[in-house]
Amino acid sequence: MKNLCVDSSATLNDGTSLPMLGLGIFENDDPSQCIKSVLAAIDSGYRHIDTAEGYRNEEALGKAINASKLDRDELFITTKAMLPPYCNLDTRSVVEKSLRLLKVEKIDLYLIHWPMEEGTEEAFQRLLDLKEEEKIRSVGVSNFSAERFEKQFFKKISTLPSVNQIERHPFARQQGTVNYCIEKDIQVIAYSPLARSQSLNHPTLLELASSYSKSPAQVVLRWHLQHGIAIIPKSTSPKRIAENANLFDFHLSEDSMRLIDALNKEERVISWRPEENWF
Ligand SMILES: NC(=O)C1=CN([C@@H]2O[C@H](COP(=O)(O)OP(=O)(O)OC[C@H]3O[C@@H](n4cnc5c(N)ncnc54)[C@H](OP(=O)(O)O)[C@@H]3O)[C@@H](O)[C@H]2O)C=CC1
Ligand SMILES: O=C(O)C(=O)[C@@H](O)[C@H](O)C(=O)CO
């Protein structure tokens, strides 16, 4: 097990460095609240923030980036969107709108938010064009199952996405998709890594938390990291934002890892199932 620290990162298949810990900002759409959360995260050592066109907080995130006084290359920004034909703008215009709102020259990671019934591969190709133009550093997808990659995506696209952002937590490990991504060198990022806090009262996690003198959230987040999965927990509380970054001074034993693995019941917090539904 390699040592992890707060600035621990993964090297993506295109050579980009992805910070393993990020702050999610879904439903953090009050601008001043969003700015406060992002600044609290940066203070606690986070260097990756995950937003989306649909979260309506790219502009607030842009203001927080500016207020942080960090050099731009010290922060890793992910955004994502549904692209044509599921939006009124062409892919270039969608990305340029995010660049304008975020007030950055380059987006570090751009994801297709959900697989689309039509146009996913074309949109991916347009994003690769924007990567060539250095408006995007890495291109990835979100909510892709192994089956979706095989049946749809790789029939038309030979370039690997760098990342697949999927729902993953102790109650939904999605191990088939994770194994597939590991095999293809696609980095998995866990969204809803705490199962939207639903995992935190489980007796096994409470017991493990007590035995490591950590909180259940820290145990769950550490479990992801030790599996090599990047995490983007969301919180609006500065206290919990700091708590969720304090993951690098303990190590879960193999037995503890197995106890958490065993909680899996493939029960998701998001009702959509990408292998069964189109957005
Ligand atoms: N690609 C996609 O389709 C999706 C991407 N995402 C991304 O993933 C991010 C995280 O996922 P999300 O669905 O928000 O769920 P999370 O699993 O991160 O859970 C967030 C919830 O847990 C609470 N919480 C956070 N930390 C703690 C803690 N230490 N102790 C107790 N409760 C805690 C938060 O409350 P509080 O704020 O009060 O602390 C909030 O209610 C999103 O914000 C978004 O960026 C999410 C869904 C889909
Ligand atoms: O946060 C995201 O990126 C999402 O896609 C969510 O909006 C998700 O679709 C959801 O929470 C549905 O309830």
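Being a predicted model, the structure only gives us computed values, none of them experimental.

S.K.: How should unusual backbone geometry be read in this particular structure?
M.R.: In most cases, non-glycine residues show a negative phi, while peptide bonds are predominantly trans. Put simply, Pro 84 and Pro 85 share a cis peptide bond, and its omega is 10 degrees. Locating Pro 85 in the fold gives a position in the loop between β5 (76–81) and α3 (91–102). In this structure, Glu 134 is a non-glycine residue whose phi angle is positive, near 65 degrees. Locating Glu 134 in the fold gives a position in the loop between α4 (120–132) and β7 (136–142). Positive phi, close to 45 degrees, is recorded for Glu 266, a residue that is not glycine. You can see Glu 266 is positioned in the segment after α10 (254–261). We classify Glu 266 as partly exposed; its relative accessible area is 28%.

S.K.: So what exactly am I meant to see when it comes to the UniProt feature "active site" (unreviewed entry) in the protein chain here?
M.R.: Summarizing the sequence annotation, UniProt attributes the feature "active site" (unreviewed entry) to Tyr 55 in the numbering used throughout. If you trace the backbone, Tyr 55 turns up in the loop between β4 (48–50) and α2 (58–68). Sequence-distant contacts of Tyr 55, that is, excluding residues within four places in its chain, are made with Ile 25, Phe 26, Asp 29, Asp 50, Lys 80 and His 113.

S.K.: Help me understand the site of ligand 2 in this model?
M.R.: Around ligand 2, the structure places Phe 26, Tyr 55, His 113, Trp 114, Arg 196 and Ile 270. Measuring from an oxygen atom of ligand 2, one finds a side-chain N or O atom of Tyr 55 at 2.4 Å. In this structure, Arg 196 approaches ligand 2 through a side-chain N or O atom, which is 3.0 Å from an oxygen atom. Within the complex, the protein chains bury 71% of what would otherwise be the 340 Å² of accessible surface of ligand 2. Its residues placed into classes, the shell around ligand 2 shows 4 nonpolar, 1 polar and 1 charged.

S.K.: Would you mind showing me how to read the UniProt feature "binding site: substrate" (unreviewed entry) in the protein chain here?
M.R.: UniProt records the feature "binding site: substrate" (unreviewed entry) at His 113, using the numbering of this structure. By the secondary structure assignment, His 113 is in the loop between β6 (107–112) and α4. Owing to a relative accessible area of 15%, His 113 belongs among the buried residues under this scheme. Setting aside chain neighbours within four positions, we find His 113 in contact with Ala 52, Tyr 55, Lys 80, Ala 81, Met 82, Ser 142 and Asn 143.

S.K.: Just to check I follow, could you spell out the environment of Ala 209 for this structure?
M.R.: Among the structural elements, Ala 209 can be located in helix α7 (residues 203–212). Sequence spacing of Ala 209 and Lys 103 is 106 residues, and the spatial spacing of their C-alpha atoms is 40 Å.

S.K.: What is the right way to look at the pattern of salt bridges in this model?
M.R.: When the charged atoms of two side chains with opposite charge come close together, those side chains can pair. Scanning the model with the defined rule gives 15 salt bridges in all. For Asp 50, the salt bridge identified is with Lys 80, shortest N-O distance 2.7 Å. Here Asp 50 is found in strand β4, whereas its partner Lys 80 is found in strand β5, with 30 residues between them in sequence. For Asp 50, a relative accessible area of 2% gives the class buried. A relative accessible area of 0% places Lys 80 in the buried class. Where Glu 150 meets Lys 184, a salt bridge forms, and the shortest distance between an N and an O atom there is 4.0 Å. In this pair, Glu 150 is assigned in helix α5 (residues 146–156) and Lys 184 in helix α6 (residues 175–184), connecting sequence segments 34 residues apart. What makes Lys 184 partly exposed here is its relative accessible area of 27%. One network of salt bridges, in which partners are shared, links Arg 92, Glu 96, Glu 133 and Lys 135.

The rules behind these values
- Residues numbered from 1 in each chain as written.
- Chains lettered and ligands numbered in written order.
- Predicted model: local features only at pLDDT ≥ 70, side-chain atom pairs only at ≥ 80, totals over all residues.
- Heavy atoms only, no water.
- Helix = DSSP H or I, 4+ residues; strand = E, 2+ residues; numbered from the N terminus.
- Buried < 20%, exposed > 50% of the residue type's maximum accessible area, 1.4 Å probe, protein only.
- UniProt positions renumbered as here; feature names shortened; annotations may be inferred.
- Contact = heavy atoms within 4.5 Å.
- Near = heavy atom within 4 Å.
- Polar contact = N/O pair within 3.5 Å; in protein donor to acceptor, adjacent residues only side chain to side chain.
- Areas by Shrake-Rupley, 256 points an atom, 1.4 Å probe, with all protein chains shown as cover.
- Nonpolar A, V, L, I, M, F, W, Y, C, P; charged D, E, K, R; others polar.
- Salt bridge = Lys/Arg side-chain N within 4 Å of Asp/Glu carboxyl O.

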